[in-house]
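Residue-level listing of the chains:
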Amino acid sequence: MLSNQELAALFERIADLLEIKGEVIYKTLAYRRAAESLRGSAEEAALLANQNRLLEIPAVGKAIAEKIQELLDTGKLEFLVRLEQEVPPGLIELLQVPDVGPKKAALFWKQAGITSLAELESAARAGKLRSLPGLGEKSEGRILEGLDALKRRSSRRLLGNVRPVALRWLQWLRAQPGVVQAEAAGSLRRWRATIGDLDLVAASENSSAVMAAFTGHADVQRVLGQGENKSSVELKDGLTMQLWVQPPARFGTLLQFVSGSKDHNVRLRELAQKKGLSLSERAITAAGGAETLYAGEAEVYAALGLPWIPPELREDRGEIQAALENKLPHLLETADIHADLHTHTDWSDGSVSLQAMAEAALARGYQVLAITDHSVGLGVANGLSVDRLRAQRAEMNAVQARLGGRLRLLQGSEVEIHADGSLDFPDEVLAELDIVVASLHSSLRQPRAQVTERLVRAMRNPHVDIIGHPSGRQMPNREGADLDWEAVLAAARESGVALEINAQPARMDLDEIYARRAASLGIPLAIDTDAHEPDQMGWMEYGVSVARRAWLGPAAVLNTWPVEQLLAWLQRKR
DNA sequence: GCCGTTTTCGGCCCGACTGTTTTCAGTCG
């Protein structure tokens, strides 16, 4: 059974091959849009196909729907098989090289017989590229540098790793002479879980001085490009970074443009066009050619008849339509959170005492803290036996007595879900706890039916309150379990269990797609840091960002609820 | 290939930067 992600990858592949083949650009664009739309859809195409509803997927029309159906029915696609006979699939990897696009890939193939990265590299080293039409020595050199960069470059990086770097650069940028204003934009501003390049924007009347300081910065390894409005560098650790500069009067359109996403911007520009306007990073231009400049981003949206759209929503997942109808959601904010329901102490694999975690929660202004150390089955994490669990309750009571009414402690467990779906503690032990988070940590690679049934069985245990990091993914390397999400969500709704948005930057699990779908089904969500030390409680903002990208407001999230309501919910099945 | 109260046919975002091309094509975001 092909997942939406797998289908999307196949349509991207088709788009790449068509582009190299020289197909009209709008056809390849249609495949890419369909792929992106599948990625953003929580409803599995397989399910929609059964209900004859494939055409409901945005950007999927008759031709692509038929191809999805064929892929689901047969696991193959005749159209793609033929395409791969026409265009060598090895050419697709050439597109990863900076400065190599479909036209050059086709040129290398047709005029030099190159069909792989290895062949491209040996041709470049032998000086055979410079004689191709439209290329010279410099192009050949850039391609060699690009091949090197490709080897150094790891995949996308975690938001949690890049964000601190970005904030330091922003501080540096704001301190440069002539810089009036600066922001981090791009996927960082949209809080995507992973980041490719880092995009910074600045307002200045003296862009060349700012650009010179940027490209001359001590951390820069290599300058990839330098102009008046835009420069691009590779840092010593391999991260690539862009800086865009416009005068302060144009900062609004610049910030809007660089924040993306690309698809959001395309939609916005189409909307502008319908109004007879042309939107760019420099201005909004009327049909007659008269420019209007915008210093602020909200005014750009206003000029198009829209309320300001929070960056987290700018993924072309219906936000422009919602804005047009004045139906944008009121989004959750970190300040709405006053509980963390999944944390660890030195009773298991956390690094500090229960008392220290409680103080950290107080320092954040929380009203509720759940301590959920691991259960005995997770031996590597020093999981608690039943005896130790009961001993921990005694310590918790003592700490609670010292805290008085300032913070409500909940004794919980992050209880292992065994490979068969049974739990690591017997029911009578779970019944003693204030809160139970059940999680998968092992045997994540079980077949779909098995791992789904396992999770469903755990949810049906009447003592389970929350499913922790439901997919089990760990970015960038470990994929989540191959779950049948519709079955998981149906079981969650039926059993009254909440699903976690785990805020660890490497997890961010549920992701925004399934969090949005879960909330639309009325399933409560819990945003938890899974902190193993006090500082990690600061990860809450990453969890909140997932919720915002999922269009969630405070009401959808357990840890914003008034304490009495939360406690009542925890008692719901007892 | 998709899509539509300005269209079921004829559109489909816009500009910066680079290299090679003497006026522009390719790539990128």
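Residues numbered from 1 in each chain as written. Chains lettered and ligands numbered in written order. Predicted model: local features only at pLDDT ≥ 70, side-chain atom pairs only at ≥ 80, totals over all residues. Heavy atoms only, no water.

Contacts to DNA strand B come from 47 residues, most closely from Gly61, Gly136, Gln226, Asn229 and Arg269. Backbone atoms, meaning sugar and phosphate, form 75% of the atoms of DNA strand B found within 4 Å of the protein. In this structure, a phosphate oxygen belonging to DNA strand B sits 3.4 Å away from a side-chain N or O atom of Tyr31. Here a phosphate oxygen of DNA strand B sits 2.7 Å away from a polar atom, N or O, in the main chain of Ala59. Put simply, the parts of the chain that give the surface near DNA strand B at least two residues each are helix H2 (25-39), helix H4 (62-74), helix H7 (102-112), helix H9 (137-152), strand S5 (220-226), helix H14 (262-274) and strand S8 (277-279). Of the residues assigned to the surface near DNA strand B, the class counts are 17 nonpolar, 12 polar and 18 charged. (Near = heavy atom within 4 Å. Polar contact = N/O pair within 3.5 Å; in protein donor to acceptor, adjacent residues only side chain to side chain. Helix = DSSP H or I, 4+ residues; strand = E, 2+ residues; numbered from the N terminus. Nonpolar A, V, L, I, M, F, W, Y, C, P; charged D, E, K, R; others polar.)

Moving on: the side chain of His374. As for its placement among the helices and strands, His374 is situated in strand S12 (residues 368-374). Among the polar contacts listed, one links the side chain of His374 to the side chain of Asp349, at a separation of 3.3 Å.

Another aspect to go through is the domain arrangement of chain A. When the parts come together, some accessible area is lost, and that loss is often what is quoted as the size of the interface. What the domain assignment lists for chain A is domain 1 (4-152), domain 2 (154-246), domain 3 (250-328) and domain 4 (334-573). Domain 2 and domain 3 are separated by 23 Å when their C-alpha centres are compared. The partner domain 3 presents 17 residues to the 17 residues of domain 2 that form the contact. Together domain 2 and domain 3 conceal approximately 1,400 Å² of surface at their shared face, both sides included; 65% is due to carbon and sulfur atoms. When the area that domain 2 buries against domain 3 is broken down by residue, the three leading residues are Arg189, Arg190 and Gln246, summing to 54%. Between the two partners, domain 2 and domain 3, sit two salt bridges. Between Glu315 and Arg190 there is a salt bridge whose closest N-O contact spans 2.9 Å. Our count for the domain 2 to domain 3 interface comes out at five residue pairs in polar contact (both at pLDDT 80 or more). Listed by contribution, the elements that provide at least two residues to the side of domain 2 that touches domain 3 are strand S2 (179-184), helix H11 (186-189), strand S4 (198-204) and strand S7 (240-246). Sorting elements by how many residues they give to the side of domain 2 that touches domain 3 places S4 first, with four residues. Here the residues of the side of domain 2 that touches domain 3 are counted per class, giving eight nonpolar, four polar and five charged. (Domains from an automatic or database assignment. Contact = heavy atoms within 4.5 Å. Buried area = accessible area lost by both parts, 1.4 Å probe. Salt bridge = Lys/Arg side-chain N within 4 Å of Asp/Glu carboxyl O.)

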